[in-house]
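Close look at the chain arrangement
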Amino acid sequence: MINTPTPDDLKITPRDRRFGRDAGHQPGKYWQNGDPIATAFYNSLSLTFPRGEAFFIESVKAYRDIAPKKLQKEIRAFIQQEVIHSREHLALNRRVEESGYDVSRIETRITESLDLTKGRPKIANLAATMILEHFTAIMAQQFIADDRHWENSDEETANLWRWHALEEIEHKGVAYDTWLHATRAWPRWQRWKVKALMMLVITRNFWGNRWRDTLDLLAQDGISGWKVKLKLLHFLLVKPGIARGIILPWCKFFLPGFHPWNEDDRHLIDLAESAYSAALPNEAVIASS
């Protein structure tokens with residue numbers, strides 16, 4: 001296997017958490033600071049996770065048996081974490097529907113997008129997974145480091161996002177290391193060209209879809225028009241500015257020698273766990289296959 005900066009002492013720990021299950025839990029329709037725009041954005045993002053993470057699992061799992069022992073162990077833990085993430089976002093997505101939203105159009109778009117991957121070479125799906133995992137990891141950094149994302153939010157829902165974010169950071173190198181191992185015989189130029197081109201395409205699709213899906217949910221509440229689009233831009237680019245906040249780490253992806261663990265940000269994992277005392281590692285294990 002190609003040597004990578006992934007820490008030798010890194011432990012990927014599936015935390016079997018459940019959020020918002022109490023009968024008395026009533027987060028409200030606009031659970032994020034009473035803000036329909038922020039709530040719609042996070043809801044639209046959550047809707048992508050169950051199917052998206054199933055795709056990530058299959059893409060990485062396709063290379064598990066040929067990976068070195070250490071990477072095999074990390075892939076198994078990655079799969080366990082992603083399975084639990086999917087379960088919790090399914091529960092959150094049900095609450096979105098119970099709030100009166102029709103999510104069928106969004107789910108159809110997600111399904112149609114993933115259907116395009118069927119029949120593609122498995123290395124292409126791994127490349128897409130590696131890129132999207134980088135997206136989730138650099139967004140996770142912002143979700144933990146900047147408290148404005150969860151200011152006056154429903155506590156249980158905010159804790160779900162913090163928990164998800166810390167585990168995305170924890171396993172941020174797994175898909176990338178799998179990609180490096182799978183393409184170890186490729187010239188470096190070829191590896192860089194493929195990942196760079198795919199990053200540009202996926203970036204366009206990712207933000208285009210999040211923009212459209214957020215506006216879809218807002219329109220169902222009768223919130224539309226150019227002023228709403230300006231407010232969504234302000235949310236993404238100014239305050240809290242999730243899109244602005246990931247520009248630099250997004251650019252670093254194109255540098256020669258890039259690796260997610262060139263930046264050891266495990267302190268954010270500790271920060272997220274300290275935000276809620278119940279978020280301690282649980283030894284419960286979910287079957288990975």
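Residues numbered from 1 in each chain as written. Predicted model: local features only at pLDDT ≥ 70, side-chain atom pairs only at ≥ 80, totals over all residues. Heavy atoms only, no water.

**Side note on unusual backbone geometry**
Put simply, Lys239 and Pro240 share a cis peptide bond, and its omega is -5°. Tracing the sequence through the fold places Pro240 in the loop between helix H8 (226–237) and helix H9 (242–245). Residue Asn33 is not a glycine yet carries a positive backbone phi of 60°. By secondary structure assignment, the location of Asn33 is in the segment before helix H1 (36–61). Using a relative accessible area of 37% as the deciding quantity, one classes Asn33 as partly exposed. The backbone of Asn152 sits at a positive phi, close to 60°, despite the residue not being glycine. Counting through the fold element by element, Asn152 comes out in the loop between helix H4 (122–145) and helix H5 (155–170). (Helix = DSSP H or I, 4+ residues; strand = E, 2+ residues; numbered from the N terminus. Buried < 20%, exposed > 50% of the residue type's maximum accessible area, 1.4 Å probe, protein only.)

**Here we look at the packing of aromatic side chains**
Inspection of every chain in the model, using the stated rule, returns 24 aromatic pairs. Relative to Phe143, the ring of Tyr42 lies with its centre 5.7 Å away and its plane at 65°, an arrangement referred to as edge-to-face. Of the two residues, Tyr42 sits in helix H1 while Phe143 sits in helix H4, which places them 101 residues apart along the sequence. An identical accessibility class is assigned to Tyr42 and Phe143; each is buried. Summarising the aromatic geometry, the rings of Trp150 and Trp161 are spaced 6.1 Å apart at their centres and angled 20° between planes, so their arrangement reads as stacked. (Phe/Tyr/Trp six-rings, centres within 6.5 Å; stacked < 30°, edge-to-face > 60°.)

**What about the pattern of salt bridges?**
If charged atoms from side chains of opposite charge come close, those side chains can pair. Counted according to the given criterion, the structure contains 19 salt bridges. When the shortest N-O distance is used, the salt bridge between Arg266 and Asp9 registers 3.1 Å. In this pair, Arg266 is assigned in the loop between helix H10 (247–252) and helix H11 (267–274) and Asp9 in the segment before H1, connecting sequence segments 257 residues apart. The exposure class of Arg266 is partly exposed, given its relative accessible area of 24%. The class for Asp9 is exposed, based on a relative accessible area of 58%. (Salt bridge = Lys/Arg side-chain N within 4 Å of Asp/Glu carboxyl O.)

**Observations concerning the side chain of His89**
For His89, the position within the fold is in helix H2 (residues 69–98). On the accessibility criterion, His89 (0% relative accessible area) is buried. A distance of 2.8 Å separates polar atoms of two side chains, one belonging to His89 and the other to Ser46. Leave out the neighbours within four places in its chain, and His89 touches Ser46, Phe49, Pro50, Leu160, Trp161 and His164. (Polar contact = N/O pair within 3.5 Å; in protein donor to acceptor, adjacent residues only side chain to side chain. Contact = heavy atoms within 4.5 Å.)

**Notes on H4**
Over its 24 residues, H4 extends 34 Å from the first C-alpha to the last, a length consistent with the 34 Å expected when each residue adds 1.5 Å. Taken across its 24 residues, H4 has 20 buried, putting it largely inside the fold. (Expected span 1.5 Å × (residues − 1).)

**Digging into the nonpolar core**
By size, the foremost hydrophobic cluster in this structure holds 78 residues, and its most contacted members are Tyr42, Phe135, Phe143, Trp161 and Trp207. Of the residues forming this core, the biggest block, 12 residues, is contributed by H1. Beyond its immediate stretch of four places on either side in the chain, Phe135 contacts Met199, Ile202, Thr203, Phe206, Trp207, Ile246 and Trp250. (Core = buried A, V, L, I, M, F, W, Y, C linked by side-chain atoms within 4.5 Å.)

**Overview of the packing of H1 against helix H3 (residues 104–115)**
Look at H1 against H3: their axes get within 9 Å of each other, and the N-to-C directions meet at 20°. When the interaxial angle is binned, H1 and H3 end up roughly parallel. As H1 packs across H3, the resulting crossing turns out to be right-handed. Side by side, H1 and H3 meet where Leu47, Thr48, Arg51, Gly52 and Phe55 of the first sit next to Ile106, Glu107, Ile110, Thr111 and Leu114 of the second. Residues belonging to the contact of H1 with H3 are distributed by class as follows: 5 nonpolar, 3 polar and 2 charged. (Axes fitted to C-alpha atoms, helices over the stretch in contact; angles between N-to-C directions. Parallel < 35°, antiparallel > 145°, perpendicular 65-115°, else oblique. Left-handed = near helix turned anticlockwise from the far one by under 90°. Nonpolar A, V, L, I, M, F, W, Y, C, P; charged D, E, K, R; others polar.)

**Observations regarding H5**
With 16 residues, H5 should reach 22 Å at 1.5 Å per residue; the first-to-last C-alpha distance of 22 Å fits that figure. Among the 16 residues of H5, 14 are classified as buried, and the element is accordingly described as predominantly covered.

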